[in-house]
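Each chain, written out:
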Amino acid sequence: MSSSFLTKSYGKTTSASVRTHYDAWAASYDAEIIKNGYATPGRCAAALAQFSDIKSTPMLDFGCGTGLSGLALRLAGFDMIDGLDLSPEMLEGAKATGAYRALDTIKAGADLPVPKGTYANISAIGVIGVGAAPISVFHLLMKALPRDGKLVFSLNDHALADPSHQGAISEWTDCGAARLLFKEHGDHLPGINLKSNVYVIEKA
Ligand SMILES: C[S@@+](CC[C@H](N)C(=O)[O-])C[C@H]1O[C@@H](n2cnc3c(N)ncnc32)[C@H](O)[C@@H]1O
């Protein structure tokens, strides 16, 4: 089960084409992705809740899209969520959920608009990978965390096929700069038989 936007998602190569794609998809994104059983937000939120008892301090949902990730984080108990996204049209959806304290656009490759250490928890759910944000976003978010801060994020099977994605995680964990707390392969979009890894990484 799939339709045009979802099947076109995994071929974008430039940030301009990614933004154009998500702007155009925004109005039908929720319906299409929910129809295909989008499971990763719930899995990420549950994983972060398992390792972080800091739920009422500001957290960042990077690449928040229309807010499905924020709604899942809210259900898991996180109640002060700021969202950033490349696509203004996707952000309109996030605004309508009421799940976020603040929302803003961010340009691809830009630094976060807050000082390092602002967020003890950061999520990037369905954001990094083929046709979406580059792996440099992972490094950006890890650098933004304070010591003991946690990043929950996902890599779908398309992203996992590119060894540079897992290599980026090893760059942090192999030298002790971060600890891998959680890694689980499970459903991403069962409607198109796509799975994802969910990770929780803690900065040392
Ligand atoms: C598949 S959607 C996931 C949205 C939301 N997290 C969810 O789980 O439904 C990917 C989102 O990442 C955003 N995105 C892609 N590249 C980005 C970048 N470099 N910086 C910020 N957001 C980006 C897109 O605009 C899109 O809203």
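All figures in this text were calculated on a predicted structure; none of them were measured in a lab. (Residues numbered from 1 in each chain as written. Predicted model: local features only at pLDDT ≥ 70, side-chain atom pairs only at ≥ 80, totals over all residues. Heavy atoms only, no water.)

## Considerations on the packing of helix α3 (residues 40–51) against helix α4 (residues 68–75)
In step 1: Viewed as axis vectors pointing N to C, α3 and α4 meet at an angle of 40°, and their least axial separation amounts to 8 Å. One finds that α3 runs oblique with respect to α4. In this structure, α3 meets α4 at a crossing whose hand is right-handed. On the side of α3, the interface is formed by P41, G42, A45 and L48, while α4 contributes L68, S69, A72 and L73.
In step 2: Class assignment of the residues belonging to the contact of α3 with α4 gives a composition of six nonpolar, two polar and no charged. (Axes fitted to C-alpha atoms, helices over the stretch in contact; angles between N-to-C directions. Helix = DSSP H or I, 4+ residues; strand = E, 2+ residues; numbered from the N terminus. Parallel < 35°, antiparallel > 145°, perpendicular 65-115°, else oblique. Left-handed = near helix turned anticlockwise from the far one by under 90°. Contact = heavy atoms within 4.5 Å. Nonpolar A, V, L, I, M, F, W, Y, C, P; charged D, E, K, R; others polar.)

## Description of helix α5 (residues 88–97)
In step 1: Turning to α5, its buried residues are M90, L91 and A94. Buried residues along α5 cover an arc of 100° about the axis, so they all sit on one side. Turned more than 90 degrees away from the buried face of α5, the exposed residues are K95 and A96.
In step 2: In this fold, the buried residues of α5 make contact with α2 (15–35), β2 (81–85) and β3 (102–105).
In step 3: With its phi angle positive at about 75°, G98 sits one or two positions after the end of α5. (Buried < 20%, exposed > 50% of the residue type's maximum accessible area, 1.4 Å probe, protein only. Arc of directions from axis to C-beta.)

## Quick notes on the site of the ligand
In step 1: Residues in contact with the ligand amount to 21 residues; listed here are only the nearest, Y29, Y38, G63, D85 and I125.
In step 2: A distance of 3.0 Å separates a nitrogen atom of the ligand from a polar atom in the side chain of S69.
In step 3: Residue D85 places a side-chain N or O atom 2.6 Å away from an oxygen atom belonging to the ligand.
In step 4: Here the ligand, which alone exposes 600 Å², has 97% of that area covered by the protein.
In step 5: Listed by contribution, the elements that provide at least two residues to the shell around the ligand are α2 and α4.
In step 6: In terms of residue count, α2 provides more of the shell around the ligand than any other element does, three residues in total. (Near = heavy atom within 4 Å. Polar contact = N/O pair within 3.5 Å; in protein donor to acceptor, adjacent residues only side chain to side chain. Areas by Shrake-Rupley, 256 points an atom, 1.4 Å probe, with all protein chains shown as cover.)

## With respect to the pattern of salt bridges
In step 1: On inspection of all chains with the given rule, the structure shows eight salt bridges.
In step 2: The salt bridge involving K150 is made with E202; its shortest N-O contact spans 3.0 Å. Here K150, found in strand β5 (residues 150–156), pairs with E202, found in strand β7 (residues 194–203); they are 52 residues apart in sequence, far enough to count as distant. Accessibility classification places K150 together with E202 in one group, the buried group.
In step 3: The closest approach of N and O atoms between D187 and K195, which form a salt bridge, is 3.3 Å.
In step 4: Judged by relative accessible area, D187 falls into the partly exposed class, the value being 35%.
In step 5: For K195, a relative accessible area of 34% gives the class partly exposed.
In step 6: Where salt bridges share partners, they join D148, K150, R179 and E202 into one cluster. (Salt bridge = Lys/Arg side-chain N within 4 Å of Asp/Glu carboxyl O.)

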